[in-house]
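Structural characterization, general
Spelled out, the chains give:
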Amino acid sequence: MPEIRVTPLGAGQDVGRSCILVSIAGKNVMLDCGMHMGFNDDRRFPDFSYITQNGRLTDFLDCVIISHFHLDHCGALPYFSEMVGYDGPIYMTHPTQAICPILLEDYRKIAVDKKGEANFFTSQMIKDCMKKVVAVHLHQTVQVDDELEIKAYYAGHVLGAAMFQIKVGSESVVYTGDYNMTPDRHLGAAWIDKCRPNLLITESTYATTIRDSKRCRERDFLKKVHETVERGGKVLIPVFALGRAQELCILLETFWERMNLKVPIYFSTGLTEKANHYYKLFITWTNQKIRKTFVQRNMFEFKHIKAFDRAFADNPGPMVVFATPGMLHAGQSLQIFRKWAGNEKNMVIMPGYCVQGTVGHKILSGQRKLEMEGRQVLEVKMQVEYMSFSAHADAKGIMQLVGQAEPESVLLVHGEAKKMEFLRQKIEQEFRVSCYMPANGETVTLPTSPSIPVGISLGLLKQEMAQGLLPEAKKPRLLHGTLIMKDSSFRLVSSEQALKELGLAEHQLRFTCRVHLQDTRKEQEMALRVYSHLKSTLKDHCVQHLPDGSVTVESILIQAAAHSEDPGIKVLLVSWTYQDEELGSFLTTLLKKGLPQTPS
Amino acid sequence: MAAHLKKRVYEEFTKVVQQQQEEIATKKLRLTKPSKSAALHVDLCKAASPADALQYLLQFARKPVEAESVEGVVRILLEHYYKENDPSVRLKIASLLGLLSKTAGFSPDCIIDDAINILQNEKSHQVLAQLLDTLLAIGTKLAENQAIQTRLVDVACKHLTDTSHGVRNKCLQLLGNLGSLEKSVTKDAEGLTARDVQKIIGDYFSDQDPRVRTAAIKAMLQLHERGLKLHQTVYNQACKLLSDDYEQVRSAAVQLIWVVSQLYPESIVPIPSSNEEIRLVDDAFGKICHMVSDGSWVVRVQAAKLLGSMEQVSSHFLEQTLDKKLMSDLRRKRTAHERAKELYSSGEFSSGRKWGDDAPKEEIDTGAVNLIESGACGAFVHGLEDEMYEVRIAAVEALCMLAQSSPSFAEKCLDFLVDMFNDEIEEVRLQSIHTMRKISNNITLREDQLDTVLAVLEDSSRDIREALHELLCCTNVSTKEGIHLALVELLKNLTKYPTDRDSIWKCLKFLGSRHPTLVLPLVPELLSTHPFFDTAEPDMDDPAYIAVLVLIFNAAKTCPTMPALFSDHTFRHYAYLRDSLSHLVPALRLPGRKLVSSAVSPNITPHEDPSQQFLQQSLERVYSLQHLDPQGAQELLEFTIRDLQRLGELQSELAGVADFSATYLRCQLLLIKALQEKLWNVAAPLYLKQSDLASAAAKQIMEETYKMEFMYSGVENKQVVIIHHMRLQAKALQLIVTARTTRGVDPLFGMCEKFLQEVDFFQRCFIADLPQLQDSFVDKLLDLMPRLMTSKPAEVVKILQTMLRQSTFLHLPLPEQIHKASATIIEPAGESDNPLRFTSGLVVALDVDATLEHVQDPQSTVKVQVLYPDGQAQMIHPKPADFRNPGPGRHRLITQVYLSHAAWTEPCQVEVRLLLAYNSSARIPKSPWIEGGEGSPQVETSIEGTIPFSKPVKVYIMPKPARR
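Numbering of residues starts from 1 in each chain and follows the order in which that chain's sequence is written. All chains are assigned letters beginning at A, and all ligands numbers beginning at 1, according to the order in which they are written. The model is predicted, so local features are restricted to residues of pLDDT at least 70 and side-chain atom pairs to those at 80 or more, both for listing and for counting; the totals for chains, interfaces and linings are taken over all residues. Each side-chain value is derived from all of the structure's non-hydrogen atoms; neither hydrogens nor water enter the calculation.

Description of the packing of aromatic side chains
- Only Phe, Tyr and Trp rings take part, Trp by its six-membered ring, and two of them pair if their centres are within 6.5 Å. Stacked means planes under 30 degrees apart, edge-to-face means over 60, and tilted covers everything else. Overall, the coordinates contain 26 aromatic pairs over all chains when judged by the stated rule.
- On the basis of an interplanar angle of 75 degrees and a centroid distance of 6.2 Å, the ring pair of A:Phe300 and A:Phe302 is categorised as edge-to-face.
- Burial status follows relative accessibility: with a 1.4 Å probe on protein chains alone, a residue under 20% of its type maximum counts as buried, one over 50% as exposed, and anything between as partly exposed. Assessed through its relative accessible area of 1%, A:Phe300 is described here as buried.
- What links up through ring pairs into an aromatic cluster is the set A:Phe45, A:Phe48, A:Tyr79, A:Phe80, A:Tyr86, A:Tyr107, A:Phe120 and A:Phe121.
- Both a distance and an angle decide whether a charge sits over a ring: NZ of Lys or CZ of Arg must be within 6 Å of the ring centre and within 35 degrees of the ring normal. Directly above the ring of B:Phe510 sits B:Lys509, whose terminal nitrogen or CZ lies 5.4 Å from the centroid.

Okay, here's the thing in structure tokens:
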């Protein structure tokens, strides 16, 4: 029984460390290779020993696919390929390929240089790892080998994020990675065609949330910023370098442009600057507006947003600053925050979630006095705002995607178990497909019934077409032929051709049947009566009376003879080939009913 | 058959010969073309290979065929068709047959037998499809012939089983276009022919080819368009197609569902998987709403558009479209809109948001949440958030239409529309502002909504701001704070963009007159008056102060208590503004003062009728002119022209008519004067000096006639004839004058011929109007045409001269509605003393802003002219996008003109003016053959001449020499 097996090594009923093993029609594919942000020990990387204890990974995996550049989807890649050892192909989209090494390098720096970890991957390893990457375009079908093919679809979420369809023969799996069904200021909405996969593996971060319109959020955000700078206040927006930072930059930039504002906007140099460079390049991956207007002006060539210098923070007058990192736990954003916190005219806007224990979390939960290092107490007088700009699909969006792809079954990953449970019920209820949510290390096995293509000879097809009207689109139809299985290919040909090809002689198969009839008349007369009876009942068929006294209906032969013992009983000998089985058996039943009494 | 065809060909040949003989006998100047069919026959016989034949056919298709020779051509083509083996040639012939049968004046019933005949023997699918297309062309031409229709339908049904999708497509198209509308009694008698076209087409909804499915739906829609009532069963079939794999099928199915829902809105359909039943229109609405989140944006646009026109849908369903139940971690959450409303009603409007302000409230029953509503839930929420702006615009339009028909829905959709004011694409923002204006009768803005609306006033796009001003003109504001807010924001806008002055003043005028009671309590604050102290008198020239005054004075018009709050200088300012900005400041009843303007207004209305009468009378008086002596006629004309001009100045509504007729009379006057000249009696050598007046008159008449033809909107064909006739007279006059003043005959030849061509052209264009021109110049001219053709130029001139003198004055029928095109350049104002400096050789951009009234098709006709002091003139074609259409008959041109020149020593003025370009030959109708035939690109109509129609504005510029 053919089957698809799925085992999450990470992201099963969990967020972070995305890594899913899929075996489909004998091919093994690994989807994503992420790290977990919550752990600093071995648990931060997926347990690759699950795949093979001893022996090389390359022998077991046909390919690795990375959906996008977030570290929880690609963070373990150098470890996996260089330290554990994998030499096969790694597939990702062009923007992911470009941005991924920057983030990996940054991650390595923090882990090794700041935290001083040993036995971590090196810069060289990142470089070596990236050499194994094969970049793919959207909607490009890539043949991994003769049978396995993959295809990328647009996923929104971040620049270069993609959903992947993995296909072997007629069996297919779609893995969504992270995606967003509502377009935003710089990215479009995820889209997939009706590819009807056997299995759809979808993320479910917001399984139990239906979000409000993004317009209200945007408007609120812009209004807050605008009001503050009009009052002469300074606005601090702590962000992470990639993704939302660009979204907010575009949002503010266009607003500044529209409203003709002159207040300076800065973003902190470093990673963001580097990343913006790539955003400028990969215009085709952005949304309609940016794609259409980039000929006049590339939206990422910011006119109003300039690079930040440490000295600017003390400048008088209003300004807006994007600074990293996003949770105010260290670095530039915290420095600026300390400078500005004392003035009630200023404002800090937190555009995302903050982990417990960070300054960001503290001020969001309303704390007004913060203890800083060195026993200093910082009084926060500035306004604190929270705006959620998330780029994951909400429950409605997930359902919409499932509706678009029309899968046979769904598997949920990248979410919390409790929330998944709700969505699982919903999916089963609305779409009537089975839905799974395996935990890490748990294997889901899906039986499949792959369709097997059979080639039909043109002659046979034409012969069939000639017999009747056009075949109805969705109705099965009976067809006679011979199925030849040879060299793992199937062909349907007419029996004559099959015989010829196989070099076999044709055997005739005839059925004969005797029908006993009470009749005292002569054989000839008997035959004549049979003839006239059949002639009158079978109007559509060719009934003939042959000179030798036998009757033929099409190719069926009927002969009358006297019974050897009882002359009062006549025996009708009916004989037909197996091709005429239908007509033959009909005739015998007809004759068994007896001949009608002749009106003599 | 072949023999018969041969004979036909022969007939054609002989006919040609006869015609040519005729031509020779009468010595006509015109060239006649040799018969088409004969030439074609020869060509096709010559063709050695299919490729050659195809080339000949292609060449042949480039030229038009007259109606009388079509049949012959068709016979030739058919004959060749039978012989031809190459399918591509047959395909071309089949397509030519279709084109030919469309020729006006040709009845294709004679070729229908042949066409059906060849259809039966054809093997190639492509040719079959083309032949069916030809049959469709024939069938639509013979729409009233029932027998042929049924025959063609039969043919189509027979080929429906073809294996090629192209053929099936065409068959369905044929059925859709020709399928019998109702089964008449006669056809029932015939038995077989009465086919149920709908059923047949419906069967192909499940065809295996998506293109055929689409064609089937389109055919069904075509039936509907032709007036056949579709069965309700179609609805269920169409619903199944909504989940088709192909977008064009889904898109067409959405249309079909919409059509059925309009036909049977009230019938009841069951909801699957439950016992309930709902109205069909509601069900269809739900289904189309569902398509707003389809995978293909084409379908989404289609669905969003159609939603707008489903007005019968019940309000319960309608309001669902704006509803999207929010939740967070399985707990119910309120939308930002709901929160805003709540904050507003609880009285604390502008609270800063805290984290967790939007914290979810009650727990949700997991079973009750329906994530994929089959109903209309949130359709517009999705549509307005769509990735493609085309979908968003369609959704906004649909919202607008639905809101216009349902006030309660209008109230609900307000929040969403306001949100759209912040869309990233300007077009969408603009559209939503316009939408809001259209529904503003039904709504009152809440303060928080007003706040969002007003925030857009800072937009840098002028269109957006002006649209917003127009919106504010007709919005209802609920509180005095709202009015105050609006005023403050508008003043802010004024300081930021001073060019918006006029628009803002106008906006405040309406705002004031709509909300007098809300303005009243604000007056002391706005005028900064103090009960005890005198305050300083504000600056009268400050636009912001004028804006405030406009608001107050307009409010005071309906609020008599208000003037009591004014201080002395306010009254003085009122008097000043009433004079200088009378269109913005209404007449007020001020205590102790006379009504300044009371004398003006009552005079206007009763005046109307007599002036109309006066116009008619004076024109009639003129038209009896031919009986008067020339001297008296001239005087009468002069008087009448003067009267008409004065009338036009006094009565703005009659200005168009008066001007139009005055111009015509002036032409006549000039003509009479020119003919009265002494020069006609003087010997030849003396002409030179005096002929000035006559030729100048001819030239001026020409100019005036062009103005009459192109500068007035609402000119009908009967006026155009008269105008052209006048022009023809002017041309004749010109010819005579030239003939008299030039020596030698050679140049005259050309002029004569040209003139005769003009006459010919006139005759061809206005053949239908000729009876109207009894006894006129052209009437006589056409009588003498054969003689003129053969005469020498000198003779022609002589004949023309006598005819010109004898010709009568034609009565100019007045059109119903006529307006003179006019333009005013608002910017540049032309007052600046500071020259615009730029480096010579480089360009400087000059903003031009002008309003155009009653200009038809301004995109192609209006040009900007720049005249440099050295006499150099430059014509600029503004882009079509530079024109805006703020109201009927009104246009606005906002463009940039690029100036450049070599260096000057002194700053100097250039003149900027607007021109109206015209092309008189654009009126000739084109033949359908040329339009249909391939390979004949439409020749772009060129400019023949221009008429200046705005006052020139002087701009001071100074090109400086470039510094090295």
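On we go from here.
Focus: the sheet that holds strand β11 (residues 844-853) of chain B
All names here are of chain B.
- Two strands form a pair only when DSSP identifies at least two bridges running between them. A helix here means a DSSP run of H or I that spans at least four residues, while a strand means a run of E at least two residues long, and both kinds are numbered starting from the N terminus. Pairing is antiparallel in the open sheet, where 4 strands are placed in the order β9-β11-β15-β14. The open sheet terminates on both sides in strands that have one partner only, identified here as β9 (822-827) and β14 (883-887). Taking the axes of each pair of neighbouring strands and ignoring which way they run, one obtains an average angle of 25 degrees across the sheet. The axes used here are C-alpha line fits, helices contributing only the stretch in contact, and every angle between their N-to-C directions lies in the interval 0 to 180 degrees.

Re the nonpolar core
- Only buried residues count toward a nonpolar core. Its members are Ala, Val, Leu, Ile, Met, Phe, Trp, Tyr and Cys residues joined through side-chain atoms within 4.5 Å. Among the nonpolar cores identified, the biggest contains 181 residues, and B:Leu77, B:Leu135, B:Leu172, B:Leu175 and B:Ile201 are the most heavily contacted of them.
- If you tally residues by element for this core, the top one is helix α29 (residues 543-556) of chain B, at 12 residues.
- Note on definitions: a residue-residue contact is assigned when non-hydrogen atoms from the two residues lie within 4.5 Å. The contacts of B:Leu175, once residues within four sequence positions are left out, are B:Val153, B:Ala156, B:Cys157, B:Leu160, B:Val197, B:Ile200, B:Ile201, B:Leu223 and B:Arg226.
- Formed by 131 residues, the second largest nonpolar core is a distinct cluster that contains A:Ala76, A:Met181, A:Ala275 and A:Ile349.

Overview of the UniProt feature "domain: Metallo-beta-lactamase" (unreviewed entry) in chain A
- UniProt positions are given in the numbering used here, feature names are shortened, and annotations may be inferred rather than shown by experiment. The UniProt feature table records "domain: Metallo-beta-lactamase" (unreviewed entry) at residues 16-233 of chain A.
- Between the C-alpha atoms that bound residues 16-233 of chain A the distance is 38 Å, and the span itself is 30% helix and 22% strand.

Some details on the side chain of B:Asp415
- The topology assignment puts B:Asp415 in helix α21 (residues 407-420).
- When its relative accessible area of 13% is taken as the criterion, B:Asp415 is described as buried.

Let's talk about the packing of helix α33 (residues 630-650) of chain B against helix α34 (residues 655-676) of chain B
All names here are of chain B.
- Two elements in contact, α33 and α34, have axes separated by 9 Å at closest approach and are oriented at 155 degrees. Regarding the angle of α33 to α34, the classification is roughly antiparallel. For the pair α33 and α34, the crossing hand works out as left-handed. Note on element contacts: α34 touches α33 through Ala-655, Ala-658, Ser-661, Ala-662, Leu-665, Arg-666, Gln-668, Leu-669, Ile-672, Lys-673 and Gln-676, opposite Pro-630, Gln-634, Leu-637, Glu-638, Thr-640, Ile-641, Leu-644, Gln-645 and Gly-648.
- The class makeup of the residues in the contact of α33 with α34 is 10 nonpolar, 7 polar and 3 charged. Any angle from 65 to 115 degrees is called roughly perpendicular, while one under 35 is roughly parallel, one over 145 is roughly antiparallel, and all others are oblique. Note: crossing handedness is left-handed where the near helix turns anticlockwise from the far helix by less than a right angle, and right-handed where it turns clockwise. Amino acid classes used here: Ala, Val, Leu, Ile, Met, Phe, Trp, Tyr, Cys and Pro are nonpolar; Asp, Glu, Lys and Arg are charged; the rest, including Gly, are polar.

Re the domain arrangement of chain B
Residues and elements named next belong to chain B.
- Segment limits for the domains were obtained from an automatic or database-derived domain assignment. Domain boundaries in chain B define domain 1 (37-183 + 193-254), domain 2 (265-347 + 373-441), domain 3 (443-590), domain 4 (668-806) and domain 5 (821-924 + 942-960).
- The centre of domain 2, based on its C-alpha atoms, is set 35 Å off from the matching centre of domain 3.
- With 20 residues of domain 2 in contact, the opposing surface of domain 3 contributes 23 residues.
- In this description, buried area is defined as the sum, over both parts, of the accessible area (probe of 1.4 Å) that is lost when the two are combined. For the pair domain 2 and domain 3, the summed buried area comes to about 1,900 Å², and 65% of that belongs to carbon and sulfur atoms.
- Here, a salt bridge means any side-chain nitrogen of Lys or Arg that lies within 4 Å of a carboxyl oxygen of Asp or Glu. Inspection of the region where domain 2 meets domain 3 yields 3 salt bridges.
- The shortest N-O distance in the salt bridge between Arg-429 and Asp-459 comes to 3.6 Å.

Digging into the pattern of salt bridges
Residue and element names in this part refer to chain B.
- A full pass over the atoms with the stated rule returns 68 salt bridges over all chains.
- Residues Arg-462 and Asp-849 are paired through a salt bridge, measuring 3.1 Å at the closest nitrogen-oxygen approach. Of this pair, Arg-462 sits in helix α24 (residues 462-473) while Asp-849 is found in strand β11, placing the two residues 387 residues apart along the sequence.
- By relative accessible area, which is 22% here, Arg-462 ends up partly exposed.
- The exposure class assigned to Asp-849 is buried, which follows from its relative accessible area of 4%.
- A salt bridge links Lys-673 to Glu-638; the shortest N-O distance between them is 3.6 Å. In this pair, Lys-673 sits in helix α34 while Glu-638 sits in helix α33, placing the two residues 35 residues apart along the sequence.
- Classification of Lys-673 as partly exposed rests on a relative accessible area of 32%.

Things to note about the sheet that holds strand β23 (residues 455-456) of chain A
All names here are of chain A.
- Read across the open sheet, the 3 strands follow the order β23-β25-β24; overall the sheet is mixed. The strands lining the two open edges of the sheet, one partner per strand, are β23 and β24 (482-486).
- Sheet analysis places β24 next to strand β25 (residues 489-493), joined by 5 bridges and oriented antiparallel. What sits directly across from Leu-483, in β25, is Leu-492.

What about the state of the cysteines?
- Two cysteine sulfur atoms form a disulfide, by the criterion used here, when they sit within 2.5 Å. With the rule as written, the count across this model stands at 0 disulfides over all chains.
- Of all cysteine sulfurs in the structure, the one in A:Cys74 sits closest to A:Cys100, which takes part in no disulfide; the separation is 3.4 Å.
- The thiol sulfur of B:Cys559 is not disulfide-bonded, and the nearest other cysteine sulfur, from B:Cys507, lies at 20 Å.

Looking at the packing of helix α26 (residues 501-514) of chain B against α29(B)
All names here are of chain B.
- Running from N to C, α26 and α29 cross one another at 25 degrees; their axes reach a closest spacing of 7 Å. Classified by the angle their axes make, α26 and α29 are roughly parallel. Considering the relative orientation of α26 and α29, their crossing is right-handed. Facing Arg-501, Trp-505, Leu-508, Lys-509, Leu-511, Gly-512 and Ser-513 of α26, the residues of α29 in contact are Pro-543, Ile-546, Ala-547, Val-550, Leu-551, Asn-554 and Ala-555.
- Looking at the contact of α26 with α29, its residues break down into 9 nonpolar, 3 polar and 2 charged.

Here's the deal with unusual backbone geometry
All names here are of chain A.
- Unlike most non-glycine residues, Arg-17 shows phi in positive territory, near 60 degrees.
- With respect to the helices, strands and loops of the structure, Arg-17 is situated in the loop between β1 (3-10) and β2 (19-24).
- Despite not being glycine, Arg-196 shows a phi value in the positive range, around 45 degrees.
- Note on placement: Arg-196 falls in the loop between β10 (171-175) and β11 (199-203).
- Given a relative accessible area of 38%, Arg-196 falls into the partly exposed group.

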